[in-house]
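For reference, the chains in residue letters:
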There are 2 protein chains.
Amino acid sequence: MTDRPTPPNRRPLTLRDVSEASGVSEMTVSRVLRNRGDVSQATRERVLEASKELGYVPNKIAGALASQRVNLVAVIIPSLSNMVFPEVMTGINEVLDETPLQPVVGVTNYKPEREEKVLYEMLSWRPSGVIIAGLEHSDASKAMLKAAGIPVVEIMDTDGEAIDACVGISHRRAGRKMAQAILKAGYRNIGFLGTKMPLDHRARKRFEGFTEALAKEGVEIADREFYEGGSALAKGREMTEAMLKRTPEIDFLYYSNDMIGAGGLLYCLDQGIDVPGQIGLAGFNGVELLDGLPRQLATMDACRAEIGRAAARIIADRSAEDGEAGGGERIELSPKIAAGDTLKRR
Amino acid sequence: MTDRPTPPNRRPLTLRDVSEASGVSEMTVSRVLRNRGDVSQATRERVLEASKELGYVPNKIAGALASQRVNLVAVIIPSLSNMVFPEVMTGINEVLDETPLQPVVGVTNYKPEREEKVLYEMLSWRPSGVIIAGLEHSDASKAMLKAAGIPVVEIMDTDGEAIDACVGISHRRAGRKMAQAILKAGYRNIGFLGTKMPLDHRARKRFEGFTEALAKEGVEIADREFYEGGSALAKGREMTEAMLKRTPEIDFLYYSNDMIGAGGLLYCLDQGIDVPGQIGLAGFNGVELLDGLPRQLATMDACRAEIGRAAARIIADRSAEDGEAGGGERIELSPKIAAGDTLKRR
DNA sequence: TGCACACATGTTAGCGATAAAGTGAAGCTT
DNA sequence: AAGCTTCACTTTATCGCTAACATGTGTGCA
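About the thresholds
- Residues numbered from 1 in each chain as written.
- Chains lettered and ligands numbered in written order.
- Predicted model: local features only at pLDDT ≥ 70, side-chain atom pairs only at ≥ 80, totals over all residues.
- Heavy atoms only, no water.
- Near = heavy atom within 4 Å.
- Polar contact = N/O pair within 3.5 Å; in protein donor to acceptor, adjacent residues only side chain to side chain.
- Helix = DSSP H or I, 4+ residues; strand = E, 2+ residues; numbered from the N terminus.
- Domains from an automatic or database assignment.
- Contact = heavy atoms within 4.5 Å.
- Buried area = accessible area lost by both parts, 1.4 Å probe.
- Salt bridge = Lys/Arg side-chain N within 4 Å of Asp/Glu carboxyl O.
- Buried < 20%, exposed > 50% of the residue type's maximum accessible area, 1.4 Å probe, protein only.
- Axes fitted to C-alpha atoms, helices over the stretch in contact; angles between N-to-C directions.
- Parallel < 35°, antiparallel > 145°, perpendicular 65-115°, else oblique.
- Left-handed = near helix turned anticlockwise from the far one by under 90°.
- Nonpolar A, V, L, I, M, F, W, Y, C, P; charged D, E, K, R; others polar.
- Least-squares fit on C-alpha atoms with pLDDT ≥ 70 in both.

What to know about the protein's contact with DNA strand C
Argument step 1. As a matter of local geometry, DNA strand C sits amid 26 residues, with R31 and Q68 of chain A together with L15, S30 and Y56 of chain B nearest to it.
Argument step 2. Of all atoms in DNA strand C that approach within 4 Å of the protein, 68% are sugar or phosphate atoms.
Argument step 3. One of the backbone N or O atoms of A62 of chain B is found 3.2 Å from a base nitrogen in DNA strand C.
Argument step 4. At the level of elements, helix 2 (26-34) and helix 4 (60-67) of chain A together with helix 2 (26-34) and helix 4 (60-67) of chain B are the ones that each hand at least two residues to the surface near DNA strand C.
Argument step 5. The biggest single contributor to the surface near DNA strand C is helix 4 of chain B, with five residues.

Examining the domain arrangement of chain A
Residue and element names in this part refer to chain A.
Argument step 1. For chain A, the assigned domains read domain 1 (15-58), domain 2 (70-170 + 304-333) and domain 3 (171-300).
Argument step 2. Computed over C-alpha atoms only, the centres of domain 2 and domain 3 are separated by 30 Å.
Argument step 3. Counting residues at the interface gives 16 residues for domain 2, matched by 14 residues for domain 3.
Argument step 4. Of the roughly 1,300 Å² buried between domain 2 and domain 3, counting both surfaces, carbon and sulfur atoms make up 51%.

Points about the pattern of salt bridges
Argument step 1. Tallied over the full model, the rule gives 46 salt bridges over all chains.
Argument step 2. In this structure, D341 of chain A and K344 of chain A form a salt bridge, with 3.8 Å as the shortest nitrogen-oxygen distance.
Argument step 3. Judged by relative accessible area, which is 30%, D341 of chain A ranks as partly exposed.
Argument step 4. Under the relative-accessibility criterion, K344 of chain A is labelled partly exposed at 44%.
Argument step 5. One salt bridge in this structure joins R172 of chain B and E208 of chain B, with 2.3 Å as the shortest N-O distance. Residue R172 of chain B is located in helix 8 (residues 171-184), and its partner E208 of chain B is located in helix 9 (residues 201-216); the two are separated by 36 residues in the primary sequence.
Argument step 6. Judged by its relative accessible area of 24%, R172 of chain B falls in the partly exposed class.
Argument step 7. Through salt bridges with shared partners, a single ionic network connects R16, E20 and E26 of chain A.

Things to note about the packing of helix 6 (residues 112-123) of chain A against helix 7 (residues 139-148) of chain A
Residues and elements named next belong to chain A.
Argument step 1. Where helix 6 meets helix 7, the closest approach of the two axes is 9 Å, and the angle between their N-to-C directions is 20°. Between helix 6 and helix 7, the angle falls in the class roughly parallel. The crossing of helix 6 and helix 7 is left-handed. Taking contact as the criterion, the partners of E115, E116, L119, Y120 and L123 in helix 6 are, on helix 7, A140, S141, M144, L145 and A148.

So, the protein's contact with DNA strand D
Argument step 1. Around DNA strand D, the surrounding shell holds 25 residues, and the nearest of these are L15, S30 and Y56 of chain A together with S25 and S40 of chain B.
Argument step 2. Protein-adjacent atoms of DNA strand D, using a 4 Å cutoff, are sugar or phosphate at a proportion of 72%.
Argument step 3. In this structure, R34 of chain A approaches DNA strand D through a side-chain N or O atom, which is 3.1 Å from a phosphate oxygen.
Argument step 4. The contact in question runs from a base oxygen of DNA strand D to an N or O atom on the backbone of L65 of chain B, over 3.4 Å.
Argument step 5. Of all the secondary-structure elements, those providing two or more residues to the surface near DNA strand D are helix 2 and helix 4 of chain A together with helix 2 and helix 4 of chain B.
Argument step 6. No other element matches helix 4 of chain A, which puts five residues into the surface near DNA strand D.
Argument step 7. Here the residues of the surface near DNA strand D sort into 11 nonpolar, 10 polar and four charged.

What to know about unusual backbone geometry
All names here are of chain A.
Argument step 1. Along the chain, V275 connects to P276 via a cis peptide bond; the corresponding omega equals 5°.
Argument step 2. For P276, the location among the structural elements is in the loop between helix 11 (258-270) and strand 9 (280-282).
Argument step 3. With a phi angle near 60°, Q68 is a residue other than glycine that sits in the positive phi range.
Argument step 4. Mapped onto the fold, Q68 is located in the loop between helix 4 and strand 1 (72-77).

Describing the relation of the copies chain A and chain B
Argument step 1. Note on the identical chains: chain A maps onto chain B by a rotation of 180° and an axial translation of 0.0 Å, with an RMSD of 0.1 Å. Viewed as a symmetry operation, the transformation between the two copies matches a two-fold axis. No C-alpha of chain A lies nearer the rotation axis than that of I61 of chain A, which sits 2.8 Å from it.
Argument step 2. Of the interface residues in chain A, 100% have counterparts in chain B that sit at the interface too, so the contact is made through matching surfaces.

Dropping the structure here:
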């Protein structure tokens, strides 16, 4: 009786402890704990009880090594703070909750070198799949993803070459669509406001699609402004003020995200500007926040939760399928414009 | 030459592959890759090159099992979508980035049974430490945490018994402080608006502290309203409208978070209510969003990033310290009121 | 009675890394 | 020149678990 089995026990518990406590082999304990193979009801109960009594928590590290199976899905996203990725995560969770898989999140802050590091770190845990935002990655990252030999789903964006599967929307098309809607409403002097971040490829693509569609109608961006850091809402205000002062003939403001769009809207309302009569406004994303604004900002839903769900489903299906399969799935969702109250020329 | 070493290789790479490719033992490769022990410059380079060439990614599962060391820190939080936890994460990352430790996030959605499951799952990976939100946990969760034999830091809240270390603010005191400030400003007909969630213990404690401090001055809450789900901004509007209609004599509204507070503020401004003359407003948290509002909402900073930093530092210190040590640290930060523009009786 | 056959359990051999101990050659010391 | 170190590796024995196979044991059927 060197040490009692219950609390003062310091050495971490192993299967052996449970097996000794319940008088069966380690293998049987393992079987019980994983609900696998034939075990009689009697021993099952005995083992379960012993296990609970001791407070045993299986060591997945050993389990994963032995079984060559890791029920983790690496999810690599640029940021948690802008509302869009938490919603993707919700979608992912929704689907994975019904599988043995578990998401593990890594955040890159839009920096390729961090992405590389995070990816390396995650792959070293040999996950069952990777869900990663964007189609743009460093060569090293791409090489790792290809070499990993596991399902890879690139999300959010479909404008480009995917490594394996891909789920998202075409941001270029989204930009075009918005441009068309704005032109159709009769606006002609259009300003663009967005993030400075050269590494936010999706914002860039939206901008490209936007200007392209305008150009097709012979319209050119009247002014543009980019910001970096700080409160997006406040920046939206400031930028809007600056732009309207600099280019008073502006009659429409297209924001690269809803948050700065909301700031702009608040500014316009403060100034007594007639929205959407004098100036129209539109953002991008369809964030929940907009519901509480004094006026509904025009925006475009990016299908975030659905992207998460679809991506998770691909991983789940592929890692369940016994007879291998899948690969190269490509799902392009179509975002819809919500015109709200700020995109209606009288 | 059954299979070429480069891309068409399907079997996952191991140390052995690298060791064969570079002509040294697996052990030496391991040393090189971990920068440990004596290795000559020449072999080091040879190994590194072979490793890169093959695209080898070490298997941490095997490494962790062999070394009994896992450089993961489990971070368990209720939600990602309310702005507060992402900021805590930022603080945690800031500190852990300079250590070999890596955070792994689990989300509980404020449900104790999910907390239990997530915790079990994470502990089964034998992390080096746990950072977990709140002091209220199921008995089973507490038992697991105690039995794990690793540093545990409970964050956000200091009103209660901690299992091990604890970093946060006293929400009860925060509620009291706000009540005192409101009374001092001369308001007497105070309404409270918050979440329905009975499991948000911190909101509850704030409420308790708040009413307690009011009671001490003989003041009672004039009205209260709770919500659930939906856009917080929109809910703030609706609830404010409802309350002001129901209890017109209200002269102050205390919101349990800034988001609904912002909704209330927008509503009041829409209605042409004199803020803070006729009605004063205050929220809680100090979210960045507030900077862009037409008027600065009074609030109280919850020290979120600092909490994250302090918690991470405790874990980092303890898992670095060679001669063991630490345990039971307790850090109570003091939130400060930011009066903004909505808590000034003329 | 004997044999196949499902059930309930036990045994053996790794999984891919690392800790710890071992080895041989060169360099110093006195 | 024997003895002690140091250096630069290699060898061996796990880590805690699971896959795969081996072993009993009672049943049903011919």
